[in-house]
Each structure stands twice: as structure tokens, then as C-alpha cells.
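Overview (structure and organization)
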Amino acid sequence: MHEIVIVGGGAGGLELATRLGDRLGRKKRANITLIDASPSHLWKPLLYEVAAGSLDSYAERLEYLAQG
Ligand SMILES: Cc1cc2nc3c(=O)[nH]c(=O)nc-3n(C[C@H](O)[C@H](O)[C@H](O)COP(=O)(O)OP(=O)(O)OC[C@H]3O[C@@H](n4cnc5c(N)ncnc54)[C@H](O)[C@@H]3O)c2cc1C
């Protein structure tokens, strides 16, 4: 089985890992591994709202384990 390792679960890495997981991982055609320095993803365009205090960054985060 192929091993695919994606470093960085940002906008690009998270989408890639999700698509490859759906397309290949579910059919056992590849193992998809996502590595990130953080346990969760926060969509960066929301950072303005976090800085303004109008958004709770913890409530808006996506946990990588949950996505997996
Ligand atoms: C405030 C703000 C507003 C924005 N608004 C828009 C917008 O309106 N429209 C738009 O199209 N784009 C916008 N962008 C840009 C958009 O967010 C980026 O283009 C996009 O996030 C880049 O995606 P990426 O996957 O390359 O990197 P990122 O999303 O930055 O992800 C990088 C990931 O790599 C991880 N990482 C970094 N170093 C390591 C390491 N050494 N080891 C392990 N993991 C690591 C990080 O934790 C992170 O999860 C905005 C950006 C910001 C900051």
C-alpha cells in the first residue's frame, strides 16, 4: 500500500488530506498521514475576527483527529 505524508494541515494540506482520504484511504489504496505542529486547524481569514474579539477561536477550530 502507498504511504502519502502531508506536512502542514493548513488550507491546502487539510483539503488535500480530506480528498485523498475519501478517494484512496477509504478504499485501502493508500495510507494518508497528515502532520501538523498544532492539533487543530483554524481558517486563517477568520483571524481578523479573533483579533477583534468577535470570534472564539477555540469554538471555530477543526480538530484533525475528528476530521480523520
Ligand atoms: C488574516 C488573514 C486573512 C486571509 N484572508 C484570505 C482571504 O480572504 N482569501 C484568501 O483566499 N486567502 C486569505 N488568506 C490567505 C490564506 O489563509 C492562505 O493563502 C492559506 O491559508 C495558505 O494555505 P497553506 O495550506 O499554504 O498554509 P497555511 O494555511 O498557513 O497552513 C500551514 C500549516 O502548516 C503548519 N506548520 C507550519 N510549520 C510547521 C512545521 N514546522 N511542522 C508542522 N506543521 C507546520 C501550520 O500549523 C499550519 O496548519 C488570509 C490569510 C490571513 C493570515
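Above this text is the structure in question.
Report on the accompanying structure. Here the structure is a predicted model, which means the values were calculated and not measured.

**A short note on the overall build of the protein**
Within the protein, the regular secondary structure consists of 4 helices and 4 strands. For the protein, the N- to C-terminal ordering of α and β elements is β-α-β-β-α-α-β-α. The C-alpha atoms of the protein give 14 Å as radius of gyration, which overshoots the globular expectation for 68 residues (11 Å, by more than 25%). Counting every position in the protein, which comprises 68 residues, the buried fraction comes to 24%. In the protein, once contacts between residues fewer than 6 apart in sequence are set aside, the share between residues at least 24 apart is 59%. By element, 56% of the accessible surface of the protein is carried by carbon and sulfur atoms, the whole surface being about 5,200 Å². Between the averaged position of the 8 positive side-chain charges in the protein and that of its 8 negative side-chain charges there is a distance of 12 Å.

**So, the environment of His 2**
Mapped onto the elements, His 2 comes out in strand β1 (residues 2-7). A sequence separation of 16 residues divides His 2 from Thr 18, and the C-alpha atoms of the two residues are 16 Å apart.

**So, the site of the ligand**
Around the ligand lies a shell formed by Gly 8, Gly 9, Gly 10, Ala 11, Gly 12, Gly 13, Asp 36, Ala 37, Lys 44, Pro 45, Tyr 48 and Tyr 64. In this structure, Ala 37 approaches the ligand through a main-chain N or O atom, which is 3.0 Å from a nitrogen atom. Protein contacts shield 44% of the accessible area of the ligand, which totals 1,000 Å² for the unbound molecule. Among the elements that take part in the shell around the ligand, helix α1 (residues 11-25) stands out by supplying 3 residues, more than any other. Per-class residue counts for the shell around the ligand are 5 nonpolar, 5 polar and 2 charged.

What counts and how
- Going along each chain's sequence as written, the residues are numbered from 1 onward.
- Given that this is a predicted model, residues contribute local features only at a pLDDT of at least 70 and side-chain atom pairs are listed and counted only at 80 or more, while totals for whole chains, interfaces and linings are drawn from all residues.
- No hydrogens and no water enter the side-chain calculation; it runs on all heavy atoms of the structure.
- Put simply, DSSP marks the helices as runs of H or I at least four residues long and the strands as runs of E at least two long, and each gets a number from the N terminus on.
- What the globule rule says is 2.2 Å times the number of residues to the power 0.38, and the radius of gyration is computed from C-alpha atoms.
- Burial status follows relative accessibility: with a 1.4 Å probe on protein chains alone, a residue under 20% of its type maximum counts as buried, one over 50% as exposed, and anything between as partly exposed.
- Residue contacts are defined here by distance: any two heavy atoms, one from each residue, within 4.5 Å place the two residues in contact.
- Here the open area of atoms and residues is found with the Shrake-Rupley method and a 1.4 Å probe, where only the protein chains shown may cover a residue.
- Residues scored as positive are Lys and Arg, those scored as negative are Asp and Glu, and His as well as the terminal groups of each chain are ignored.
- The location of each charge is read from NZ of Lys, CZ of Arg, CG of Asp or CD of Glu.
- Any residue with a non-hydrogen atom lying within 4 Å of a molecule or strand is treated as near it.
- Counted as a polar contact is a pair of N or O atoms within 3.5 Å, where, for protein atoms, one must be capable of donating a hydrogen and the other of accepting one, and residues adjacent in sequence contribute only when both atoms are in side chains.
- Under the scheme applied here, ten amino acids are nonpolar (Ala, Val, Leu, Ile, Met, Phe, Trp, Tyr, Cys and Pro), four are charged (Asp, Glu, Lys and Arg), and all others, including Gly, are polar.

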